[in-house]
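Close look at the chain arrangement
Now for the letters of each chain:
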There are 2 protein chains.
Amino acid sequence: MRVSKYLLSTQKETPADAEVVSHQLMLRAGMVRRNASGLYSWLPTGLRVLRKVEAIVREEMNKAGAVEILMPMVQPADLWIETGRWEKFGPELLRFQDRHNRDFVLGPTHEEVITDIIRKEINSYKQLPLTLYQIQTKFRDEVRPRFGVMRSREFLMKDAYSFHLDQESMDVTYDAMFQAYNNIFERMGLSFRPVLADTGSIGGSMSHEFHVLADSGEDLIAYSTESDYAANIEKAEAPMPTDTRGAATQEMTLVDTPNAKTIAELVEQHDIAIEKTVKTLIVKGATEEAPLVAIVVRGDHDLNEVKAEKIEAVLAPFEFADEADIRKAIGTGPGSIGPVGLNIPVYIDHSVNVMSDFGAGANQDNKHYFGINWERDLPQAEAADLRNIIEGEPSPCGKGTIALLRGIEVGHIFQLGTNYSESMHANVLDQNGKSKTLLMGCYGVGVSRIVAAAIEQNHDDRGIIWPKAIAPFTVGILPMNMHKSHRVKDIAEKLYQDLNDAGIEVLFDDRKERPGVMFADMELVGLPHVVVIGDRNIDNGVFEYKNRRTGEKQEIPFDQLLDFLKSAE
Amino acid sequence: MRVSKYLLSTQKETPADAEVVSHQLMLRAGMVRRNASGLYSWLPTGLRVLRKVEAIVREEMNKAGAVEILMPMVQPADLWIETGRWEKFGPELLRFQDRHNRDFVLGPTHEEVITDIIRKEINSYKQLPLTLYQIQTKFRDEVRPRFGVMRSREFLMKDAYSFHLDQESMDVTYDAMFQAYNNIFERMGLSFRPVLADTGSIGGSMSHEFHVLADSGEDLIAYSTESDYAANIEKAEAPMPTDTRGAATQEMTLVDTPNAKTIAELVEQHDIAIEKTVKTLIVKGATEEAPLVAIVVRGDHDLNEVKAEKIEAVLAPFEFADEADIRKAIGTGPGSIGPVGLNIPVYIDHSVNVMSDFGAGANQDNKHYFGINWERDLPQAEAADLRNIIEGEPSPCGKGTIALLRGIEVGHIFQLGTNYSESMHANVLDQNGKSKTLLMGCYGVGVSRIVAAAIEQNHDDRGIIWPKAIAPFTVGILPMNMHKSHRVKDIAEKLYQDLNDAGIEVLFDDRKERPGVMFADMELVGLPHVVVIGDRNIDNGVFEYKNRRTGEKQEIPFDQLLDFLKSAE
């Protein structure tokens, strides 16, 4: 591709509204443009990467025996009413009416549509197992779209759905998909990690996420230093306390703590260790009788919202209570709340359960109780795993200790069980002629998100550093002053032709631009290999080669370049 | 692909709700399934064809120098307000609001979005010309979706847009696109015709449609028997009458015609030649002062609505008046209307202008006037080309006579001029530093519609007959009683492996089905080549080969099959 016939559209300035580096670089490298909040056009350079990601996903899906289909973006509401998600799904589900006032949604996912197809097309166990997938545009009306295509409203996704007569077959396909996902990210040249995941609102029994590792990742991954164990911190089980609750040694006393709004301030200002304090968080309850619920974790621990959401009394999806409601019910605000004398349901983390002589808010403004003891000062509360695991704690797998990594979720696989097939009556006849409800799996890859995640992981201060497999072009040709030097022009044109003939994807910067501009653009766009052609090199019969990732430069004789590029990573 | 691991989903019965043969066969061959009115899922066999069509379109666009991008399906209303189409576009434009009550549309086309991108990215003549394209899902809220994917609401389209400084550059790109379109349909193995077209509501100065020829086509193509001239009948100029108006020889008389509601009945029941009659059609007017307009064509001619719409006094888009409004204004209904004494604007076709002593409705129920003459009996009306050209008339190109063909529109290219760039202020600096409004072209291909059109053109009573280039698979393997005969199984499996290794796409029917069922499915799905393997053939060391199009059968020795298939069309 000649730059003169292309839409390169690079820009020097970092756009003010782009918060994360991938969004900044995708704008600067001319990969995407924003059409409206959460809506992007993919310019040529971006689309080339997107299509490579898509092609790798497609190939690996096909290899794993999945069969490609294409379902519509616009879906009839009836199906969503059938599974109950028309009501349950929040405002992220974009609902609208057509010209005849019939209800539709813009599909954020396709469980309903695929189950509807399958219940009509599949009648017998002989047609099973079957895995269908599509690579298709989805829409989620995010309340606050952000980070460019990382969390956009319209996005490209690969979603696969598998159908089974029994759990054994489900497990075989799940494993095959797990392997296919490993292959996908491996082939893309990304550093990634499959992790145990919570099944969340989609439901089901077994689930893994695939994360591209990057310091900027929104997710925390807890992994064992000595085994394959890795889980989203949302899911990773915190270890049970090994010690038992100590006997009470202090009286419970009311302490004035006027300047202690946080645990950090409390322990700094008063003679109490952080491990002897608790945080009491008020969240929305699931019932009208108990619209507020208290969750208590140790002062040095973090609440795990996903674990908390599993408490029946807690509203799903998890939401903190509004401050006004808290004040009305408890008489004080966050900062002074504690479990003593609390008139709402209280749940405590296992580690809180073994505490004695501890401090907590007194449910009066600017006051805490110190020396609290269970049963003596307040009734025993129900304990559960409600906190995040911490780096250095023993791994739930029993081997090694936990270390943490940041990741960007780019894939998620689930065993759904009969969640959808039951409500939609997707049954088949088994070998004995008996009707059985289908088991389902579903398997998603965020195709457009991978592009952003790859950049978060692969960039430097000059721009993107593409892994070869998903680079928009493999090689850049930079002729120096081609419009003045016939020799440079001839050799550059010949090289362009030769590389094209060899099936290598080339971006040939044939603009009348200053070398500095051309170099900067090439580094920004991040092609793996750059070949510079200047009069000085020609005299020596060599090209000047530069590797984008290593920065290493070398001179390569004219006749050796093609072989070099073919074998270069 | 093994049928046992595929979703073949053929069906014997012709679905009752499918009116056209392509829709029937696409349902029966398991290519698509309806999710809701005008919304379809592409099952594996359909999607394979769709992807082949898409790939050919993409390759030819790239060859022609167009650069691929991808714009969103959801578009902000602002841009449509800017060009005025937010108001002008009918209810086919699906408008909706997001969770923040902001207005959006589901894109039926992308002139607004692309022009918005270009005005931001392109500032200088140096970046021109540029042609961008996308292959993307579109939505048109058709009032009556029909014929399956032929006129669905959600569909796949290739839309390209070109940008130019001057008309010369516009012409060069237009010609290149014209050629690319020829290549596309040629490569698909379809019989097609490029025809001059009306520019319609998109506007602009020059336009061609590409039609796949099929008896079931909705469009009529008028072409010259002796030149390259071909035009959509909407566009084809009818010849000017060569004779002049004859002198009046009859008195105008009022005739009772109680049983003559149509021209056919009139000429059958009364002594008047059809060429001496006129039809008076009442259509909606463009202004409040003249809400009804009369258009008069000769009794044996057909009104051309597209030509009529070009009269300033006629409402666009063209619409016939409601019968109630006609009765109220004229005092009679269709069947008795005529130009004599009519109190609304009257426009006549050129051929009506040269008539004398003619008959027409008398604007009284069940009465006609005979012997009408212009100027004597009614004022001279404005004449224009308002009728369809007729088979056998001289071609507008001056060579040969007109013949008619039926076609299905699958492509449409336009020169848009400054229609969009002006209202959206898409300007660049020219060589002299002066700001110039961009010239635009746009170029559409109905990707999903091509699949249906190809079937309309290529089928018989047993099913589809795919041209090789867009067949879902090239070869079908039909083993006879494989589950009983080890020999058949071994040879079938080996052939399957060999063909896969040779890069030939194969559908291997490994089901435990009766040969009759397998044959019928294979003919229905329409693969170009079918190889039958039975015990009898094995004894002779041959495969039985059947060509789907010709029906021709032949025996081919084992070791010659691969070469045969590679060279077979």
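Residues numbered from 1 in each chain as written. Chains lettered and ligands numbered in written order. Predicted model: local features only at pLDDT ≥ 70, side-chain atom pairs only at ≥ 80, totals over all residues. Heavy atoms only, no water.

**Observations concerning the overall build of chain A**
Under the convention used in this document: Each helix is a run of H or I in the DSSP string that is no shorter than four residues. Each strand is a run of E no shorter than two, and both are numbered from the N terminus. Partly exposed describes any residue whose relative accessible area lies between the buried limit of under 20% and the exposed limit of over 50%, with all areas from a 1.4 Å probe on protein chains only and scaled to the type maximum. When checking whether two residues touch, look at their non-hydrogen atoms; a contact exists if any pair is within 4.5 Å.
Along the backbone of chain A there are 16 helices and 30 strands. C-alpha extents for chain A along the principal axes are approximately 90 × 70 × 50 Å. Scored against the burial criterion, the 569 residues of chain A give a buried share of 57%. Put simply, of all contacts in chain A between residues at least 6 apart along the chain, 68% involve residues at least 24 apart.

**Brief notes about the packing of aromatic side chains**
Residues and elements named next belong to chain A. Put simply, the rule reads: Centre distance within 6.5 Å is the pairing criterion for rings of Phe, Tyr and Trp, where only the six-membered ring of Trp is used; planes under 30 degrees apart are then read as stacked, over 60 as edge-to-face, and the remainder as tilted. Two limits define a charge over a ring: the Lys NZ or Arg CZ must be within 6 Å of the ring centre, and within 35 degrees of the ring normal.
A complete count under the given rule lists 28 aromatic pairs over all chains for this structure. Residues Tyr181 and Phe210 carry aromatic rings whose centres are separated by 5.2 Å and whose planes lie at 50 degrees to one another, so their mutual orientation is tilted. Taken together, the residues span a long stretch of sequence, with Tyr181 in helix α6 (residues 167-187) and Phe210 in strand β10 (residues 206-213) at a distance of 29 residues. Judged by relative accessible area, which is 0%, Phe210 ranks as buried. Each member of the aromatic cluster is reached from another via a ring pair, and the members are Phe178, Tyr181, Phe185, Phe192 and Phe210. The side chain of Arg95 reaches across the aromatic face of Trp86, ending 5.3 Å from its centre.

**Considerations on the interface of chain B and chain A**
Cut-off, in case you're wondering: The term buried area means the drop in 1.4 Å probe accessible area that two parts suffer when joined, counted for both and summed. Any Lys or Arg side-chain nitrogen located within 4 Å of an Asp or Glu carboxyl oxygen qualifies as a salt bridge. All residues other than Ala, Val, Leu, Ile, Met, Phe, Trp, Tyr, Cys, Pro, Asp, Glu, Lys and Arg, Gly among them, are scored as polar; the first ten of these are nonpolar and the last four charged.
Between chain B and chain A, the contact holds 52 residues from the first and 52 residues from the second. When chain B packs against chain A, the two sides together hide about 4500 Å² of surface, and 60% of this comes from carbon and sulfur. On the chain B side of the contact with chain A, Leu70, Arg99 and Glu121 of chain B bury the most area, a combined 15% of that side's loss. Taken together, the links from chain B to chain A amount to 6 salt bridges. Note that Glu68 of chain A and Arg51 of chain B form a salt bridge whose closest N and O atoms lie 3.2 Å from each other. Partitioned by chemical class, the residues of the side of chain B that touches chain A number 32 nonpolar, 6 polar and 14 charged.

**Notes on the pairing of strand β20 (residues 402-417) of chain B**
Two faces make up the sheet, and in a regular strand the side chains alternate between them. Residue and element names in this part refer to chain B. Let me state the cut-off plainly: Pairing between strands requires that DSSP locate at least two bridges from one strand to the other.
Bridge count between strand β10 (residues 206-213) and β20: 8 bridges; the pairing is antiparallel. The residue bridging Ser207 from the neighbouring strand is Phe414, located in β20. By the bridge criterion, 6 bridges tie strand β11 (residues 219-224) to β20 in an arrangement that is antiparallel. Directly across from Ser224, in β20, lies its bridge partner Ile402. As paired strands, β20 and strand β23 (residues 439-446) are joined by 6 bridges and run antiparallel to one another. Considered in β23, the bridge of His412 is made with Gly444.

**Details of the relation of the copies chain B and chain A**
Put simply, the rule reads: Least-squares superposition aligns the copies on the C-alpha atoms of those residues with pLDDT at or above 70 in both.
In the superposition of chain B on chain A (RMSD 0.1 Å, axial shift 0.0 Å), the rotation amounts to 180 degrees. Such values leave the two copies arranged in the relation of a two-fold axis. By C-alpha distance to the rotation axis, the residue of chain B lying nearest is Phe96 of chain B, at 3.2 Å. With an isologous cut-off of 70% or more, the 100% of interface residues of chain B that recur at the interface of chain A puts this contact in the isologous class.

**Details of the domain arrangement of chain A**
All names here are of chain A. Formally: Just so you know, the domain bounds were taken from an automatic or database domain assignment.
Considered domain by domain, chain A is made up of domain 1 (15-210 + 409-455), domain 2 (253-384) and domain 3 (473-568). Each of domain 1 and domain 3 has a C-alpha centre, and the two are 40 Å apart. The partner domain 3 presents 4 residues to the 6 residues of domain 1 that form the contact. Summing both partners gives a buried area of about 530 Å² for domain 1 against domain 3, and 59% of it is carried by carbon and sulfur.

**A closer look at empty space enclosed by the protein**
Note the cut-off: Put simply, the grid is 1 Å and covers the protein atoms alone, a cavity is a trapped set of points that fit a 1.4 Å probe, a pocket is an open set with protein on both sides within 12 Å along at least five of seven lines, and lining residues have an atom within 4 Å of a point. Grid points are joined across faces, edges and corners, and a volume is the space filled by probe spheres set on the points.
The tally for this structure, following the rule as stated, stands at 6 cavities of 30 Å³ or more. What lines the largest cavity is a set of 36 residues, among which Gln136 and Thr137 of chain A together with Gln136, Thr137 and Leu156 of chain B lie closest to the centre. Within the residue set of the lining of the largest cavity, elements represented by two or more residues are β2 (39-42), α2 (44-63), β7 (130-139) and β8 (154-164) of chain A together with β2 (39-42), α2 (44-63), β7 (130-139) and β8 (154-164) of chain B. Tallied by class, the residues present in the lining of the largest cavity amount to 22 nonpolar, 8 polar and 6 charged.

**Structural notes on α2 of chain A**
Residue and element names in this part refer to chain A. Note the following rule: In a helix, the anticipated span is given by 1.5 Å times the number of residues less one.
Compared with an ideal rise of 1.5 Å per residue, which puts 20 residues at 28 Å, α2 spans 28 Å between its outermost C-alpha atoms and is within 8% of the ideal. Taking burial as the measure, the 20 residues of α2 include 14 buried ones, the bulk of the element. Positioned one or two residues after α2, Gly65 has a phi angle of 90 degrees, which is positive.

**Examining unusual backbone geometry**
The amide bond that connects Leu128 of chain A to the next residue, Pro129 of chain A, takes the cis arrangement and shows omega of -5 degrees. Tracing the backbone shows Pro129 of chain A in the loop between α5 (111-121) and β7. Of note in this structure, Phe147 of chain B is not a glycine but carries a positive phi near 60 degrees. Looking at the secondary structure, you find Phe147 of chain B in the loop between β7 and β8.

**Re the environment of Thr137 of chain B**
All names here are of chain B. With respect to the helices, strands and loops of the structure, Thr137 is situated in strand β7. Each C-alpha atom of the pair Thr137 and Thr437 lies 29 Å from the other, and the pair is 300 residues apart in sequence. With near-sequence residues (within four places) excluded, Thr137 lies in contact with Met73, Glu154, Phe155 and Leu156.

**Observations concerning the sheet that holds strand β13 (residues 253-256) of chain B**
All names here are of chain B. How we decide: Each axis is a line fitted through C-alpha atoms, and for a helix only the stretch in contact is used; angles between axes span 0 to 180 degrees, taken between their N-to-C directions.
The antiparallel open sheet is built from 3 strands, whose spatial order is β13-β18-β17. Lying at the two open borders of the sheet, with one neighbouring strand each, are β13 and β17 (358-361). This sheet shows a mean twist of 30 degrees between the axes of neighbouring strands, independent of strand direction.

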